[in-house]
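Spelled out from the first residue to the last, the chains are:
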Amino acid sequence: MTDPNKNNLTKRDFLQTLGMIGGSAAVMTALSGFEHSLASDMTAPPDLATSGNGKKIIILGSGMSGMVSALELGKKGYDIEVLEARDFAGGRNSCSRKGTKVTHADGTTHVCDFDHDQYLNHGAWRIPGQHHSTLHYARSLGVPLEVMLNHSTQSYLYSEDIEGPLNGKRVRRIHAETDRLGNVAELLAKCASGGALDDMMAREDVEKLLEYLRSMGLINNETFEYQANSVRGYASYPGAGENYGTLSEPYPFSDLLNLNMETRELTADHPTTMFQAVGGMDQIAFAIRDAIPAGTIKLNKEVTKISQSENGVVISYKDTKTGEQTTTTGDYCISTIPFAVVTEIENDFSPAMIDAMKTPAPSHVAKFGLQMTRRFWEQDDMIYGGNSSTSMAGSIAYPSSDLHGTQGGVLLASYLFGGRADDFSKLNMDQKIENALSIGEKVHPGNYRKHFNGKAAGIVWHDEKYNKSGWSSWRGDSIKKLPTILKGERRVLFSGDCICPRLSGWLAGAIEGAWLTMQEVDKRVGMG
């Protein structure tokens, strides 16, 4: 399928042709057949067949999906109007930095006052290498990227809800990871050497397995016992002369089995090394915004009604500053408004469409950051990037920028989901700060409170009026209703990471959701 000298379609050509004929639902089915579904194999926006044909597209929402749709459809000559309820473009791809305002559930508005141009990513905060669509816009729009250190072996695991001596004890990630691996290597080696694998493996392969297990440097070559080793590291580090250091002692395996945290932290899309935009992930949103013709995006315009006919759409909205009510008309509408919000706007969608959009669960997510005057996690704990995990505050993530800096940094002190995010939402600002400090002090005793400069900021996504969720979570058989959404209704189509179940919550989901919906609009315009 990939030989350019033969009259065969490439996979990309096939999918684009299929999209023009059968629409985005057909593309979804084909991608599933390729075992990619919505995996990020797309490296650039799809080629659109029409040139706008004088058609006007109204886009609801100026998050990443809305702006990508506006940018790419605008290039093809479509007349684009983007309505955004907030006073900024970018949606969830936003940051807290000096001057950022966030209104909490109790009605109070907090203004971020971080020093030194430091920031907290509200939404997306990391980009894996296989998210080619996100990297496409960073590259083509000149957004500088830097390495994001997603995993630090020196970070900690801390739990207060387990049995045994590790309860309430901070455990280095490298110790837990190596001890788990070493004990498994010991058990496997003993089974192999004792003949327990002879019915499953050829004897020659058993010997090769034993050779491999010995080479790991974790077990005794003769007894196969797991023992202190240089992989796990040192209690006191070697130095000059006869200072050979002292190896750290492993934890009992039975105690580690109670520490059931982060056993699968590293995955294909969460590798050790990822990328981030220099200065905050919203720099990608800013670059796309600035590439769209001025006047296309209309801020402070809250959609109040969506109406459609066989020939076009009518969108009613109010100016959130003046209260003025206005209507606008177009040939088609692309809604990128989160499902939890758009289903509550007056509309003429079918019951089947409303049901489909209410099927994925709105995720409850909170992110909260504290600014520190000193990078004690680096200087005292040798933690560079990555995150520590707790049973109370989810992740405590350490900044990957300005390593060894002298102006402190902003920690993602709480990254919470579900019920814990709900509980956090009920706290006022002072209580949120105290909650984060009390947990962080257990992971970094003597440093967390001492070096906190009093400046904090964060967001609870399900409290946000124009989001009501961090992302849409498709679970189990609920995904069977996705094709209903992908087909849209007459003149209204839907987009965003909410139509990308395998990329939900990622920038790539928002971008490729836009690409998918763009093809559907283009197909319909092309058909007249």
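Note that the structure is predicted; figures quoted are calculated from it, not measured.

Moving on, we get to the sheet that holds strand β18 (residues 346-347). Spatially, the four strands line up as an open sheet ordered β16-β15-β14-β18, and their pairing is mixed. The open sheet has two free edges, formed respectively by β16 (325-330) and β18, since each of these has just one partner strand. Sheet analysis places strand β14 (residues 301-308) next to strand β15 (residues 313-319), joined by seven bridges and oriented antiparallel. Note on β15: the bridge partner recorded for Lys 301 is Asp 319.

With respect to the helices and strands, Asp 255 occurs in helix α6 (residues 253-256). One buried charged residue, Asp 255, forms no salt bridge at all, with the nearest opposite charge on Lys 169 at 9.8 Å.

Moving on to empty space enclosed by the protein. For the coordinates displayed, the defined rule picks out two cavities of 30 Å³ or more. In this model, the second largest cavity occupies a volume close to 30 Å³. If you trace the second largest cavity, you find it lined by Ala 124, Arg 126, Ile 127, Pro 128, His 131, Thr 134, Trp 506, Leu 507 and Ala 508. Looking at the lining of the second largest cavity residue by residue, the classes come out as six nonpolar, two polar and one charged.

Counting 47 residues, the largest nonpolar core has Leu 60, Ile 306, Phe 349, Met 357, Ile 485 and Ile 499 as the members making the most contacts within it. With four residues, the single largest contributor to this core is helix α9 (residues 351-357). Not counting residues up to four positions away in its chain, the partners in contact with Met 357 are Phe 339, Val 342, Thr 343, Phe 349, Ile 485 and Phe 494. By size, the runner-up hydrophobic cluster in this structure holds 38 residues, among which are Leu 73, Ile 80, Ile 292 and Leu 493.

This next bit is on the pattern of salt bridges. Counted according to the given criterion, the structure contains 27 salt bridges. The partner of Glu 434 in a salt bridge is Arg 449, with the nearest N and O atoms 2.6 Å apart. In this pair, Glu 434 is assigned in helix α12 (residues 429-443) and Arg 449 in helix α13 (residues 448-451), connecting sequence segments 15 residues apart. Take Glu 434: its relative accessible area is 38%, and that puts it in the partly exposed class. A salt bridge links Arg 524 to Glu 520; the nearest nitrogen and oxygen atoms lie 3.0 Å apart. Remark: Glu 520 and Arg 524 occur in helix α15 (residues 507-526); sequence separation between them is four residues, near one turn of the helix. Connected through shared salt-bridge partners, Lys 56, Glu 81 and Lys 298 make up one network.

Let us now look at the sheet that holds strand β2 (residues 79-83). Strand order in the open sheet formed by five strands is β13-β2-β1-β17-β26, with parallel pairing between adjacent strands. The outermost strands of the open sheet, each flanked by one partner alone, are β13 (297-298) and β26 (492-494). In the sheet, β2 pairs with β13 via two bridges, with the strands oriented parallel. Across the sheet, Leu 83 pairs through a bridge with Lys 298, a residue of β13.

Mapped onto the secondary structure, His 462 falls in the loop between β24 (452-460) and β25 (472-473). The exposure class assigned to His 462 is buried, which follows from its relative accessible area of 14%. In contact with His 462, not counting residues within four places along its chain, are Ser 363, His 364, Val 365, Ala 421, Asp 422, Ser 425, Lys 468 and Ser 469.

Analysis parameters
Here, residues in each chain are numbered from 1, in the same order as that chain's written sequence. At least 70 in pLDDT is required for a residue's local features to be given in this predicted model, at least 80 for side-chain atom pairs to be given and counted, and no such filter applies to totals for whole chains, interfaces and linings, which use all residues. Hydrogens and waters are ignored; side-chain quantities use all the structure's heavy atoms. Here, a strand pair is defined by DSSP locating no fewer than two bridges between the strands. By the criteria applied, helices consist of DSSP H or I runs no shorter than four residues and strands consist of E runs no shorter than two, each listed in order from the N terminus. Only protein chains enter the calculation, and the probe is 1.4 Å; a residue is then buried if its accessible area is under 20% of its type maximum, exposed if over 50%, and partly exposed in between. Charged residues are defined narrowly, with Lys and Arg counted positive, Asp and Glu counted negative, and His plus the chain ends left uncounted. Salt bridges, as used here, are contacts in which a Lys or Arg side-chain nitrogen is within 4 Å of a carboxyl oxygen on Asp or Glu. Using only the protein atoms, space was sampled on a 1 Å grid; points where a 1.4 Å probe fits but cannot get out form cavities, open sets with protein on both sides within 12 Å along at least five of seven lines form pockets, and lining residues are those with an atom within 4 Å of a point. Grid points are joined across faces, edges and corners, and a volume is the space filled by probe spheres set on the points. Charged means Asp, Glu, Lys or Arg here, nonpolar means Ala, Val, Leu, Ile, Met, Phe, Trp, Tyr, Cys or Pro, and polar covers whatever is left, Gly included. As used here, the term nonpolar core means buried Ala, Val, Leu, Ile, Met, Phe, Trp, Tyr and Cys residues forming a set that is joined through side-chain atoms within 4.5 Å. Residue contacts are counted whenever heavy atoms from the two residues lie within 4.5 Å of one another.

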